[in-house]
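# Tertiary structure, described
What follows is the residue order along each chain.
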Amino acid sequence: MRYIIPKQKYAIDLILGRVNPIHGFRDLKIKADFNDLEKILDYILNVKNAAGKYLVQGLFPSSYSEVYTGNKFTFVNTLEKDLIWNAIIFKNYAAAINSFLDLKHQYENALINANFELANRTMEAIENHVCYSLWSLENRFILEEQTKGLEGNKALLNETNNITGNDAILWFAELFSFKAEKAVSKFQFENRINRMLEDIGDIESYIANKMYGCDFWDINTISEILYFENRASLIDKYLTFIKICQIICVSDQFKDSKILKVVQRCVKMLTPFISDCLLANLAVYFANAEQTSSNSFDSAMREIGHLYTIGQYEEVVQLCGQNLDHHADCLELYEYLVKSLLYLGQECPDNREGSIKNDLLRVMYQSYIKPQDVIIDAYYKLGFYARIFNGTNFGISLYSFMVNRFSIDKDDNIQKMSELNSRHRSARFCLLYDDVIKKHYYLFDYQTKHSDFAQTRLFIHYYNQVAKNGALVFLKDIPDSRLELYDVIAKINNNEHLDVQQHLKKLYLSYNPNRENKISAYYYERVLILLFNLYIETDQRDSCLELYISNYFENEYLARRLNRKRLFQIIQRDPTDGLKTKIGLPILTHIYDPNNVTELFTACANFLDLNSCNKPSEIFELDRFKDSKSKEIVYFLRYVCTPAVMESMYWVFTSFEEANNERIEICNILRKIDPSNDGVYVTEISQITQRNSLAQRIKILDESRIDFDLANIRKSKKELVSENYKRYIEIGNFDFSYEVLDINNSHFFVLNYELSKIVAAKKNQMYSILKDIFQDYRDEFAFGQHGLDSSLSTCIRHGKLQNHIRKVFEQYHLINLKENYNSHSYLPDENIAKIFVEQGFDKRFINGFNNIISNFSKQVDDAIDEINTSLIRIKTEKLNPKGMFDLSFNDQEMLSIFSESKLLNSEELLLDYFDKVLMIRIEKSLHLIQEYMTKQFKQQLVEYINSLESSVMKLFEKDNDNMFFLEIKQQIANCRTLIQVETNNIAKWFILPKKQDFSDFTVQQLIETSVAISKKLYTSFDDCNVQINNSTTCLVKGNTFSHFVEVFVLLFTNAVIHSGFSNDLKKLKIEVDVHENEKFMIFTICNNLSDEVDIDAVKHNIEQVEKKICDSENIGKYFRYEGGSGYVKIAKMLNYNISTPWQMKLNVDQDRRYCVNLKVGK
Amino acid sequence: LNFIIIEDDEYKAGQLSSFIMDQFGNMNIGIQIKESFQSGMREIIKNQYDLLILDMSIPTFDGASKQKIYAGRDILHEIKRKNITIPTVVFTQYTIFGEGEDQKNADQLDEILAMNYPNNYLGIVYFSSAFLWQEKLGKIIRDVISGAKTVG
């Protein structure tokens, strides 16, 4: 063959090997016109010089290790040239492509018919005689999965993993193996692939194409896909090329474009060389005229189409069955077969041979009649087959079938793709043309070339109707029911709504959605959709809503194809009172968007208002709903009237509890009217009750932070008080009256009639004894084992107040941690530092930000410290001068007490009086602390936050549109609001202990409450993994509840602080195991320790702690040390507050777990 | 004139009422402050108000610490449902609301509120430690007082 080579320098240089091929081909692609490009590539591919070798590298891999190893070409983004370039290559290797297409058809037919042995042999033939490819690799996985299941799939993956030196193929193998897995659901597949696609950069579109099949890509995406396909084999390139040509033909964005013309040129170039039905379809499309030649399969398909249209269904079933044996990759055969079975009222044959073909027939059959019990499975099965075949024409037709059977909106482009991917052309091919004249032209041409088939006449008749063309068409052999529907659709397309509405309603009522009458069910769905859309078009909202709701409850899968979004939108535009009174509207609102609580509330509120109901449970008082158990009522109560919706019903519910109680009432109603879901409602009631009970318990605990035990205080001082009281009484027996003269004088008392130093001295002695009794009692009240300071220390000062305040800032990373307990330096937040570095801020800036946060952290910590060390303290004459619990009594106050006491003639009365005096003081102090928290402390924190905000704004003043700055500004604003709420909540802790009616509790309730409290204390406690294994059934006495909770909160706190995971609680695992024997409950609480924790130091600490907690005499002394070990506090609570025998052992086990073993008497 | 502020941040509410009293104290203005969706709605239903200053993120009930991101919008929605006319200014310290798909910036929110509640919604005012908010809010209040700003 002689080649005429263009004489341009770039061409000569490339051909003679004077330039690096990568640059040479780049120049060629940019500079050559289409004709020159064809000449030069034809030459290079045939003489096989260096450039030729470069070009064909990787085109025909002879093993998987050679797949996707083609040479790289510079990306020049000239799609027209790329398309021509590829077409030239395909023209030069047409023989190989023809061979592949022939074998591919055989392979797919064998695979779908479960002839796996033939499929395997055919695949070997493709690999040996054409080439290895990504297509063959993908199909190897499909074949293995279908033949041997997951085991076969994974065995092949292992085998592929042995390939060395080709990472790309390993990656593709992994993806194809996953894609072929039968057990991987649509959701799992998309979830994993989408996550993977997020991180792979430019190659994303190419991989998405391999995983998801075609999409209506834009020009840039198509260029990218072609660019990455350069490295693939000839057959991979060809399959992608045809797909791209099809997309360009049907996609609106390429209409009348230059690229479309290039595709036409490519098709023209290839048609004489390549025998491919898809290429032929493209050629017919461009020519707008049928080809004259046809093969036996085309003839058979035309015959089947004709017989189906004239209602000869038995013959259709027979012919389809015969043809499917050899053309199982033609989806039209399945459709004709399945619909004919429906017309004949026959069931779909069983899939005894386990073939894809029979499985598909079954799920397609179900897709037409949508039986509720199996339709979801059918949908997912179709999805699976559409997924594994998405690289082929069969897969595209399958996808189009799914859209037609399950989607709301008709998608013309997908329909067109389906026609272009059909293995034969029927009259339906006219759907590819938007222009009715072109449709007519094609149909008449088809009729002329392929005889007078009923299907063609029906289409011609339909488009005559649409075009209002009165031309006569012979139709007598077509059944009336089929013609009737086509006439209706034509009238709808011509906007003859009024004429058609009555007709459609009649048809709608004549069909039956019941599965028993199969074809009726299929027609029912078609007519239902038409009628629904007609109501929408003509704004008949009431009828439309009624139609939608009644069908939704008849078969929700039928209603899924009704466009509820449009219905909802037209109703929302102007909802009439008539619509608002209907229960269907809140139901539609929920079906449309179950998460839009605002709209749900509005629909529900309108419904209740207009039906004069205050709350949902009252709807049964309405006549029309009395004793109703309708599906509408059940749906409304079950899904619409949720606590989230009802908590906005401000006219009837004033708290979360009230809304929850209404929900419980609704659930109880639902149990009666929807007994089949009784379990669901019982579970919900139980969950709400548990939530309420947990909230109640937490509230009780918050209200029990200030606590003291007057009975035990009195008991522990009884002996001493009795003794002193006796002395006091003895001196008092002198019985004379006195009066106070001079409180500043050491001799306070003088007789008012007979001045006597002796008597005065006696009185002074009496005062002194009373003062001792009082102060002694007061000290017990304040600092004794059952006294006030114990609860202040455990429930407020020991980290609680600090954590509640810091947590507000911690969740927004606005506060740093101290380097250690005694340090004044703060550690910078590593996550924030990372963000700064990523955003390119310099070191000085980062330090500046850290300083601001550290200063703020110090201000907050100092403020908390001041409260803990000075203010939340009990002030006496000698202790805690700034303490806000003022139990100090000056002389005048003491005298007043003395004066009152003389009237009391028993020890019990005296102590009752002391209690009263102390309680008045406590009450006053609590009031002052509440005032302090809600005013001074709150204001102080708000000022710190304002100052933090100013400093941050100043730091970012040159960069104030930085996203991080905007975010941090928002977080500061959040904190300012939240800290005010938090200080208000903290202020509520400071109330007198209430006489709580504690009910006995289970160990499960105890642990759950402790976990909930810990979540309130630590921002990330939610992240840590707490496992509870509780086998106890005993109940624990109610009055010990708050103390037991404190014990567990302290244990959890220890795990958070000392595990080494305080910066990342996701890694912390706490296991709580509880069992019981006759006398004891035995708790084992273990947590893992990070590698940074020094085990020897932990063991040493354990020794120290165990010494202290075993030292029962000095427990009280250790306990009073603020900031000391939580274990001493636990020991103290078990000893004095819970008053039970107990034993505690600490150890680090062999798995580096810190374990606390606590035995508590029942 | 009766104004109602629905705001859970006492500091912000304090700044707002001080500003109104300082600037318009001579206009005999009564200010009612409510802190949640529930108490705010009950008050609006019970009494007539000439201006509503509304925080966007507030709790559902008084004293609840969890804020509902778009509770302010829900109030506007409910006011519309009840056919109540009350000129409303959204007073917020946030520039971004919500998360994920539900996230909106203040401009988007402004547009949505203006489109959905044209009878009541007057605009959005950003609160910050700078004093720009006072100028914008002052103008709106003056318009409301003088009746220049007509709604409905």
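Going by the structure above, here's the rest.
A few points on the structure. Quantities reported herein were computed from a predicted structural model and do not represent experimental measurements.

## A few points about the overall build of chain A
Secondary structure assignment for chain A yields 51 helices and 13 strands. In terms of overall size, chain A is more extended than a compact globule, its C-alpha atoms giving a radius of gyration of 43 Å where 1162 residues would be expected to give roughly 32 Å. The principal-axis extent of the C-alpha atoms belonging to chain A is close to 145 × 85 × 60 Å. Put simply, chain A has 1162 residues, and 55% of those count as buried. Sequence-distant contacts in chain A: of pairs separated by 6 or more residues, those separated by 24 or more amount to 69%. Accessible surface for chain A amounts to roughly 52,600 Å². Of this, 48% is attributable to carbon and sulfur atoms. Separation of charge centres in chain A, based on 137 positive and 156 negative side chains, amounts to 2 Å.

## Considering the pairing of strand β12 (residues 1142-1148) of chain A
All names here are of chain A. Residues Trp-1142, Met-1144, Leu-1146 and Val-1148 line the buried face of β12, whereas the alternating positions Gln-1143, Lys-1145 and Asn-1147 sit on a face that is not buried. Summarising the sheet, β12 and strand β13 (residues 1153-1161) pair through 7 bridges and their orientation is antiparallel. Paired with Trp-1142 across the two strands is Val-1160, which belongs to β13. Hairpin connection of β12 to β13: 4 residues between the antiparallel strands, including Arg-1152 at a positive phi of 60°.

## Quick look at the interface of chain B and chain A
The partner chain A presents 32 residues to the 29 residues of chain B that form the contact. Each partner contributes to the roughly 2,700 Å² buried at the junction of chain B and chain A, and carbon and sulfur atoms together form 49% of this total. Counting the surface chain B buries against chain A, the share from its top three residues, B:Tyr11, B:Phe61 and B:Arg81, is 22%. One can count 3 salt bridges joining chain B with chain A. Salt-bridge contacts for A:Asp609 lead to B:Lys82; the nearest nitrogen and oxygen are separated by 3.6 Å. Our count for the chain B to chain A interface comes out at 21 residue pairs in polar contact (both at pLDDT 80 or more). At the level of elements, α1 (10-24), α2 (37-46), β5 (67-68), α3 (71-81) and β7 (96-97) of chain B are the ones that each hand at least two residues to the side of chain B that touches chain A. Split into classes, the residues belonging to the side of chain B that touches chain A amount to 10 nonpolar, 9 polar and 10 charged.

## Quick look at the packing of aromatic side chains
Residue and element names in this part refer to chain A. Taken as a whole and assessed by the stated rule, the structure comprises 89 aromatic pairs over all chains. The interplanar angle of 75° and the centroid separation of 5.8 Å between the aromatic rings of Phe-73 and Trp-85 together place this pair among those described as edge-to-face. Of this pair, Phe-73 sits in the loop between α4 (50-56) and α5 (79-92) while Trp-85 sits in helix α5, and the two are 12 residues apart along the sequence. Note on accessibility: Phe-73 and Trp-85 belong to one class, buried. Judged by centre distance (6.2 Å) and plane angle (50°), the ring pair of Phe-532 and Tyr-548 falls under tilted. Taken as a pair, Phe-532 in helix α27 (residues 518-537) and Tyr-548 in helix α28 (residues 541-554) lie far apart in primary sequence, 16 residues in all. The class for Tyr-548 is buried, based on a relative accessible area of 0%.

## Side note on the pattern of salt bridges
Considering all chains together, one arrives at 72 salt bridges over all chains under this definition. Here A:Asp609 makes a salt bridge to B:Arg81, at a shortest N to O gap of 2.9 Å. Of the two residues, A:Asp609 sits in helix α33 (residues 597-610) while B:Arg81 sits in helix α3, which places them in two different chains. For A:Asp609, a relative accessible area of 32% gives the class partly exposed. When its relative accessible area of 13% is taken as the criterion, B:Arg81 is described as buried. Salt-bridge contacts for A:Glu908 lead to A:Lys718; the nearest nitrogen and oxygen are separated by 3.9 Å. Highlighted residues: A:Glu908 in helix α45 (residues 907-955) and A:Lys718 in helix α38 (residues 710-732), separated in sequence by 190 residues. A single salt-bridge network, built from bridges that share partners, covers A:Arg714, A:Lys718, A:Glu907, A:Glu908, A:Asp912 and A:Asp915.

Reading guide: rules and limits
Residues numbered from 1 in each chain as written. Chains lettered and ligands numbered in written order. Predicted model: local features only at pLDDT ≥ 70, side-chain atom pairs only at ≥ 80, totals over all residues. Heavy atoms only, no water. Helix = DSSP H or I, 4+ residues; strand = E, 2+ residues; numbered from the N terminus. Rg over C-alpha atoms; globule rule 2.2 N^0.38 Å. Buried < 20%, exposed > 50% of the residue type's maximum accessible area, 1.4 Å probe, protein only. Contact = heavy atoms within 4.5 Å. Areas by Shrake-Rupley, 256 points an atom, 1.4 Å probe, with all protein chains shown as cover. Lys, Arg positive; Asp, Glu negative; His and termini not counted. Charge placed at Lys NZ, Arg CZ, Asp CG, Glu CD. Pairing = 2+ DSSP bridges. Buried area = accessible area lost by both parts, 1.4 Å probe. Salt bridge = Lys/Arg side-chain N within 4 Å of Asp/Glu carboxyl O. Polar contact = N/O pair within 3.5 Å; in protein donor to acceptor, adjacent residues only side chain to side chain. Nonpolar A, V, L, I, M, F, W, Y, C, P; charged D, E, K, R; others polar. Phe/Tyr/Trp six-rings, centres within 6.5 Å; stacked < 30°, edge-to-face > 60°.

Spatial relationships are all this shows, so hold off on functional conclusions.
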